[in-house]
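# Structural features, examined
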Amino acid sequence: MSETTAPPAQGPARNVDRPAVAAAPRRSWLRPLLLVVALVVMLALPLYVEEFWLRTGFAVFGAIVGAIGLNLLVGTTGQLSLAHAFFLAVGAISYVFVSGESGGIGLADLSGLGWPPLIGMIAGVLLAGLAGLIFSPIAARLRGIYLGVASLGLVFIGQHVLNSWTSVTGGFNGRSAPEFSLFGFTFGNTDPDLFVLGVPFREAERLWYLGLVLALAAYLFARNLLRSRPGRALQTLRDSEVAASVMGVNVQGYKARVFLVSSMYAGLAGVMYALSIGSVAPESFGLEVSILYLAMIVLGGLGSVGGAALGALFVTALPLIFQRYADVVPLVGGPGEGGLAAGEAARYLFGLAIILVVLFQPSGLAGLAARFRRKGRDPGGVRPTGHSSAATSSSTSNVPSDRPAQGSTT
Amino acid sequence: MTAAPGAAERTRPDLPPVEVEHVSVRFGAITALSDVSFTVEPGTIHAIIGPNGAGKSTMFNVLSGVYKAAEGQVRFGDARLDQMRPFQIAGIGVARAFQNIALSGTQSVAENLMLGRHHLTKAGFIAAGLRLPRATREGKRHGERVAEIAEFLELGDKLHTPVGVLSYGDQKRVEVARALCTEPRLLLLDEPVAGMNAEETSRMAEAILEIRSALGISVVLVEHDMGMVMSLADRVTVLDFGRRIADGTPAEVQADPEVIRAYLGSGDDISPSETADAAAPGDHPSETPGMHS
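Residues numbered from 1 in each chain as written. Chains lettered and ligands numbered in written order. Predicted model: local features only at pLDDT ≥ 70, side-chain atom pairs only at ≥ 80, totals over all residues.

Turning our attention to the overall build of chain B. Looking only at helices and strands, one finds ten helices and ten strands in chain B. Taking all 293 residues of chain B together, the buried fraction comes to 57%. Pairs at least 24 apart in sequence give 70% of the contacts found in chain B among residues at least 6 apart. (Helix = DSSP H or I, 4+ residues; strand = E, 2+ residues; numbered from the N terminus. Buried ≥ 20, exposed ≤ 12 C-beta atoms within 10 Å, placed from the backbone. Contact = placed C-beta atoms within 7 Å.)

And the structure:
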């Protein structure tokens, strides 16, 4: 070590010629190219594809936003939450209340503020964030599965409120969601009538673009977050809370903040869900929705932003596709026919897929994609293998664990 | 404040001593540390030794705020370490390298080291998520310093490798590098050479000496490798069953009859060439006296 110099005293980094040290790993030009192609295809899709696919697409975009948010909490930080459905509900209800009109529909006497839908969307995100903030002191003090159990209560509280606070939520039957509009441009079938290259751009086409923009923004924000200071802190506190705190990370503060961010993502996803279905009802925000979101991120890959998106695509689109092609898909029957209902069939498939993922590909669809990418580049493949310590072995599988602290007591 | 013998040529002027006074730690009925006192003089390398289960790592956990002392005080200048939370202690320049490697295996070496810059940087969720220019600039600036420190610990060519695939010796060096990345005034090294071979051990020893002399910081060392302790340390505190049984220069401690009786019981000699088979990761404390676990 005689030829190396000791680290210079604290202060701004010196300008030293440092060949190759700071050089980032070799980047292929293929990846950005593929991204651009994918984006162009996504942008052009409404010109060629029928309404069913666009509506499915918007539902998927909404789920992507929610799954990315949950993955920040569960996959990246190792905090289990079963309350995602609750925060989706807060977002959705806030939107329909803030932007919906007052008035009576049938028995229910609904109240609404009738504010612009953009305000309603922002309110949905902020109020979900507020709900997350109120719960975050609990989230900050619990870890792993204990938080999961504690958060379960929120779903039941949510169900009760949704069913009983009729003037805001519409009660058991729910209430309809107002059309989205942006500075006078409605995301509906008309007003203004719109044709692009001779193709009528109606509600489905317009919502597709809205969803694309929101999902892309959610994706980029999360990815930037993970690649920088807060993301590193979150990942380290997943692997070892003691190490993170000793390195200067305020563990409780970060757990509270990631819970807040996650609930805001859920709030936006809730607003998008309301727009996608056109109405909100209590049954849309039950415990099984939380479970489906967990299925998305486990299938997609815990801790991976792209994985969350893939998982959301798989879990959201599959039942819809089964439903549409009930006559073609074996064993699946349409409503009122024999055979499995589409939703059930999809659920069996998720169950099977989750078992397969946990057994053979713990890093999920994202890990599968990464494996193929590596195969193309170098056959050896660098793969993290936790061979030396508990800290690394738990983190390579990315499974959140509530292992006790790492500090040794020797 | 007087510099102890062997202190760095230029100890940092703002460097206070670490004063551990009558510290006791209990876990239920078990007393892990009982009335332990010692002082780490500024700019010295201070070793804490003792058989397995003597309370060495417990002492470290008290110094870094992970455990709370039931009694006693730990002072670092004006700061009362025994009353602060771990991240606050890191904020005043106390860094620790873990015995059982506590790195994030999926993250690269650079990312693990950047965590050491956490308390020196500011980018929050919004600045990072939106990639605001100040967050990007900050990351870049600190990335350069991280690369320097990695180079110093011979990790320069592994910056972008996931820590999980590195060899054990490399991972131990990443631990030390991460602690250095916090720009510490007090560096706590918990068995930095445990499990390393002789070659790696001597390089690590050189690195520790260079860290002390170049940065002028204090180093507290828990170590099983007697040769390393005796050649590096300016002062040695010996613990046994949670009590301090000796405190002095390496020569004094080696000659202390109590140390020889309690610590070396079986008649082992403290010879510089000896390499104790240091505790493997995940090793559990056992109450057997003697250097070999």
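So, on to the overall build of chain A. Each helix and strand counted, chain A has 15 helices and eight strands in total. Of all 410 residues assigned to chain A, the portion counted as buried reaches 48%. Considering only residue pairs separated by 6 or more positions, chain A has 74% of its internal contacts joining residues 24 or more positions apart.

As a further point, take the environment of E223 of chain B. Residue and element names in this part refer to chain B. For E223, the position within the fold is in the loop between β8 (218-222) and α8 (226-232). Each C-alpha atom of the pair E223 and A262 lies 17 Å from the other, and the pair is 39 residues apart in sequence. Not counting chain neighbours up to four residues away, the residues in contact with E223 comprise A47, I49, E191, V193, M228 and V229.

Looking now at the sheet that holds β8 of chain B. Residues and elements named next belong to chain B. One open sheet holds the six strands; their spatial order is β6-β7-β8-β3-β9-β10, and the pairing between them is mixed. The open sheet has two free edges, formed respectively by β6 (94-97) and β10 (243-248), since each of these has just one partner strand. For this sheet, the mean angle separating the axes of adjacent strands, direction not counted, is 15°. Looking at chain direction, β6 and strand β7 (residues 186-190) are connected through four bridges and run parallel. Residue pairing across strands places A95 opposite L187, the latter belonging to β7. In the packing of helix α7 (residues 198-215) onto the sheet, the strands contacted are β3 (45-49), β7 and β8, and the crossing angle to β8 comes to about 155°. (Pairing = 2+ DSSP bridges. Axes fitted to C-alpha atoms, helices over the stretch in contact; angles between N-to-C directions.)

This paragraph deals with the packing of helix α3 (residues 109-116) of chain B against helix α6 (residues 168-180) of chain B. Residue and element names in this part refer to chain B. Contact geometry for α3 and α6: axes closest at 7 Å, N-to-C directions at 35°. Considering only the axes of α3 and α6, their crossing is right-handed. In this structure, α3 uses V109, N112, L113, L115 and G116 to contact α6, whose residues at the interface are V174, A177, R178 and A179. (Left-handed = near helix turned anticlockwise from the far one by under 90°.)

This part is about the confidence of the model for chain B. Residues and elements named next belong to chain B. On average, residues of chain B score 82 in pLDDT, and 86% of them are at 70 or above. Under a pLDDT of 50 for its full length, residues 1-8 has, in the predicted model, 22 contacts with residues more than four places off or in other chains. Predicted confidence is poor over residues 267-293, with pLDDT under 50, and the contacts of this stretch with residues over four places away or in other chains come to 63 contacts. For this predicted complex, the interface score ipTM comes out at 0.80, while the overall pTM is 0.81. (pLDDT = per-residue confidence, 0-100.)

Further remarks concern the pairing of strand β4 (residues 71-76) of chain B. All names here are of chain B. Pairing analysis gives five bridges linking strand β1 (residues 18-27) to β4, with the strands arranged antiparallel. For S24, the partnering residue across the bridge sits in β4 and is E71. Of the pairings in the sheet, the one linking β4 to strand β5 (residues 79-80) comprises two bridges and is antiparallel in character. Of the residues in β5, the one forming a bridge with R75 is R80. Once β4 ends, the chain turns through two residues before running back antiparallel as β5, passing G77 with a positive phi of about 65°.

Residue and element names in this part refer to chain B. The strand order across the open sheet built from four strands is β2-β1-β4-β5, with neighbouring strands paired in antiparallel fashion. With partners counted over all chains shown, the strands left at the sheet margins are β2 (30-40) and β5, one partner each. Contacts between helix α1 (residues 56-63) and the sheet are confined to β1, β2 and β4, with β2 contributing the most and set at about 65° to the helix.

Let's shift gears to the nonpolar core. All names here are of chain A. Core analysis: the largest hydrophobic core is formed by 200 residues, its most contacted members being I64, V65, A67, I68 and M296. The element contributing the most residues to this core is helix α10 (residues 251-277), with 17 residues. Apart from residues lying up to four places away in sequence, M296 is in contact with A63, A67, A308, G311, A312 and V315. (Core = buried A, V, L, I, M, F, W, Y, C linked by C-beta atoms within 7 Å.)

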